[in-house]
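# Working through the structure, step by step
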Amino acid sequence: MAASSRATVVLKAVKNITVRFCPFESNVRSTREFLAMVGSEKARSTNMNCEVIAMVKHDKSEPVVDVTYADGERLVMKGAKMSTSEMFSAFQSRCIAKDPQSQAKAK
Amino acid sequence: MAATLCVKLLPKQGWLPLTQSVRHGSKAVTRHRKPVHFFRQKLLAVTQYIPPARVAPPGAYPPPAKQVQEDNTLTVLMKRNLKKLFQENKIIAVVQNNASNSEDMMSLKYRLHKHGITVKFFPNQVMRSFLKDNIYCNMVPLFIGPTVLFVCKEPKVKEMLMTLRSSPQMTLLGACIDNTLLSAEGVVAYSKLPSMTVVQGQLVSGLTMLTSRTAHMLQHHPAHLSALLQQYIKQQSPDNTAEGAPKAEEAT
């Protein structure tokens, strides 16, 4: 499991997260771990309006994480060849960039 | 060692001075091992010779003996439990839970217990080592990350799905119902199937449809049947010769 600078991620700037994967494929490990990290209680408590939707399919499709931010921007991550830490760091860096106000207040 | 040059005006550019004076002598060739200068050390490290790896021919060495790890007693106990589970229960569903609280877990367990479904936790390693020798080896890729097992002696899929829908964190990955491995969509389709008697009735009606039609036609008024047969012969007669037609008409 990835150990990032902060154990959880701040989801304030995120509208919803959709995770699509096919559990019988062999390349879904990182996507599933990403889902477990993002769907944890701590992460969801940072923003109760953010929906984490997991879609389980069976069509040998690639695992995809689709994040829609509050300002309309979309981040699509294809998790077939990515590791969990890569996905998490990419996601977290964008979240922090989008949400600088609370960061500035905290620091 | 600092080498200071005599300050002398060089007559032209590019000329080396005639004298070079050094502070104090440090010789290159010493009796002890002189520590290698850092720049030289770096250069030697970068330009080190790496010989090509010689591969032994395939049959030269015997293959390394695989280390077979013996299971602890706890693992053996868990495997025995698993075997009993798989034999007794009809449904074994695999669900991923993204960190629900203990309260959510408790309420979910309570709701499922009302329908007779038990919630089981097993370590993934034990599950994988148990399943790969079994007939259920295709379930192995399901057990990654935080997984929970739902087991039940009766195939109560609808109730299970409804309970799962109420808790958003649980994601159904797949299920083994009556020794058949089903995906999430398969489970939903299974829940929508009508009961056994209804299906059997539909099958029987489909098979007997043709024969019942024939029986119905035969039971009609015989004049209707003879009129149908005459019409059939008339349709056949343009194809045949004129001799064939009167013979057929005499027969009816």
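Everything in this summary refers to the structure shown in the same document. In every chain, residue numbers begin from 1 and rise along the written sequence. Chains carry letters from A onward and ligands carry numbers from 1 onward, assigned in written order. Where local features are concerned, this predicted model is filtered to residues with pLDDT of at least 70; where side-chain atom pairs are given and counted, the filter is 80 or more; whole-chain, interface and lining totals use all residues. Heavy atoms throughout the structure, all of them, feed into the side-chain values; hydrogens and water do not.

### Thoughts on the overall build of chain A
- Secondary structure elements are defined from DSSP: runs of H or I of at least 4 residues count as helices, runs of E of at least 2 residues count as strands, and each element is numbered from the N terminus. The helix and strand inventory of chain A stands at four helices and four strands.
- Mapped in sequence order, the helices and strands of chain A form the string β-α-α-β-β-β-α-α.
- Relative to its full complement of 107 residues, chain A shows a buried share of 44%.
- A contact between two residues is defined here by any heavy atoms of the two lying within 4.5 Å. Intrachain contacts of chain A at a sequence separation of at least 6 include 74% that bridge at least 24 residues.
- Residue burial considers only the protein chains on display, and all accessible areas are found by Shrake-Rupley using a 1.4 Å probe. Split by element, the accessible area of chain A, about 5700 Å² in all, is 50% carbon and sulfur. Working definition: with a 1.4 Å probe on protein chains only, accessible area under 20% of the residue-type maximum means buried, over 50% means exposed, and in between means partly exposed.

### Looking at the packing of helix α5 (residues 157-166) of chain B against helix α6 (residues 184-192) of chain B
Residue and element names in this part refer to chain B.
- Lines are fitted to the C-alpha atoms to define the axes, a helix being fitted only along its stretch in contact, and any angle between axes, read from their N-to-C directions, falls within 0 to 180 degrees. Direction vectors running N to C along α5 and α6 enclose 125°, while the axes themselves pass 9 Å from each other. Comparing their axes, α6 and α5 come out oblique. Crossing hand, α5 versus α6: left-handed. Judged by residue contacts, V157, K158 and L161 of α5 engage V187, V188, Y190 and S191 from α6.
- Residues are grouped as follows: Ala, Val, Leu, Ile, Met, Phe, Trp, Tyr, Cys and Pro are nonpolar; Asp, Glu, Lys and Arg are charged; all remaining types, including Gly, are polar. When its residues are assigned to classes, the contact of α5 with α6 shows five nonpolar, one polar and one charged. Orientation categories follow fixed angle ranges, with anything under 35 degrees roughly parallel, anything over 145 roughly antiparallel, 65 to 115 roughly perpendicular, and all other angles oblique. Crossing handedness is read from the near helix: turned anticlockwise from the far helix by less than a right angle, it gives a left-handed crossing, and turned clockwise, a right-handed one.

### Regarding the nonpolar core
- Ranked by internal contacts, the top residues of the largest apolar core, which has 44 residues, are A:V14, A:I17, A:F91, B:L82 and B:F86.
- Setting aside residues no more than four positions away along its own chain, A:I17 makes contact with A:L11, A:V38, A:C50, A:E51, A:V52, A:I53, A:V65, A:D66, A:V67 and A:F91.
- With 21 residues, the next largest nonpolar core counts B:M105, B:L112, B:M160 and B:I177 among its residues. As used in this record, nonpolar core signifies buried Ala, Val, Leu, Ile, Met, Phe, Trp, Tyr and Cys residues forming a set joined through side-chain atoms within 4.5 Å.

### So, the pairing of strand β4 (residues 170-177) of chain B
Residue and element names in this part refer to chain B.
- Among the eight residues that make up β4, eight are buried, leaving the element largely enclosed by the rest of the structure.
- Think of it this way: DSSP has to see at least two bridges between two strands before they count as a pair. In this structure, strand β1 (residues 91-97) lies alongside β4, joined through seven bridges in antiparallel fashion. Within β4, the position partnered with N97 by the bridge is M170.
- Note that β4 and strand β5 (residues 180-183) share four bridges and pair antiparallel. Across the sheet, the residue bridging to G174 is S183, located in β5.
- The hairpin formed by β4 and β5 contains two residues between the paired strands, and D178 there has a positive phi angle of roughly 55°.

### Quick look at the pairing of β1(B)
Residue and element names in this part refer to chain B.
- Most of β1 sits out of view: seven of its seven residues are buried.
- Neither face of β1 is exposed, since I91, A93, V95 and N97 on one face and I92, V94 and Q96 on the opposite face are all buried.
- Here β1 runs beside strand β3 (residues 147-152); their pairing, made up of six bridges, is antiparallel. The partner of Q96 across the bridge, within β3, is T147.

### Some words on the sheet that holds strand β4 (residues 74-78) of chain A
All names here are of chain A.
- Strands sit in the order β2-β1-β3-β4 across an open sheet of four strands; the sheet is mixed. Of all the strands in the sheet, just β2 (51-56) and β4 have a single pairing partner and so form its edges. Across the sheet, the mean angle from the axis of one strand to that of its neighbour is 10°, orientation sign disregarded.
- As judged from the six bridges shared by strand β1 (residues 14-21) and strand β3 (residues 64-69), these two strands associate in the antiparallel manner. From the neighbouring strand, N16 faces β3, where its bridge partner is T68.
- Sheet strands touched by helix α3 (residues 84-98): β1, β3 and β4. Its angle to β3, the strand with the most contacts, is close to 5°.

### Digging into the packing of aromatic side chains
- Any Phe, Tyr or Trp ring, taking Trp's six-membered ring, that has another such ring centre within 6.5 Å forms a pair; planes under 30 degrees apart are called stacked, those over 60 apart edge-to-face, and the others tilted. Here the structure, examined in full by the defined rule, presents three aromatic pairs over all chains.
- Taking 5.8 Å as the distance between ring centres and 40° as the angle between the ring planes, the aromatic pair formed by B:F86 and B:F130 counts as tilted. Of this pair, B:F86 sits in helix α2 (residues 73-88) while B:F130 sits in helix α4 (residues 124-131), and the two are 44 residues apart along the sequence.
- Residue classification places B:F130 among the buried positions, given a relative accessible area of 10%.
- Linked through ring pairs, B:F86, B:F130 and B:Y136 together constitute an aromatic cluster.
- Criterion for a charge above a ring: Arg CZ or Lys NZ at most 6 Å from the ring centre, at most 35 degrees from the ring normal. Here the guanidinium or amino end of A:K98 rests over the ring plane of A:Y69, the centre of that ring lying 4.8 Å away.

### Points about the pattern of salt bridges
Residues and elements named next belong to chain A.
- When a carboxyl oxygen of Asp or Glu lies within 4 Å of a side-chain nitrogen of Lys or Arg, that pair is called a salt bridge. Applying the stated criterion across every chain yields a total of six salt bridges over all chains.
- In this structure, D71 and K98 form a salt bridge, with 3.3 Å as the shortest nitrogen-oxygen distance. With D71 in the loop between β3 and β4 and K98 in helix α3, this residue pair connects regions lying 27 residues apart in the sequence.
- With relative accessibility at 55%, the residue D71 sits in the exposed group.
- Judged by relative accessible area, which is 23%, K98 ranks as partly exposed.

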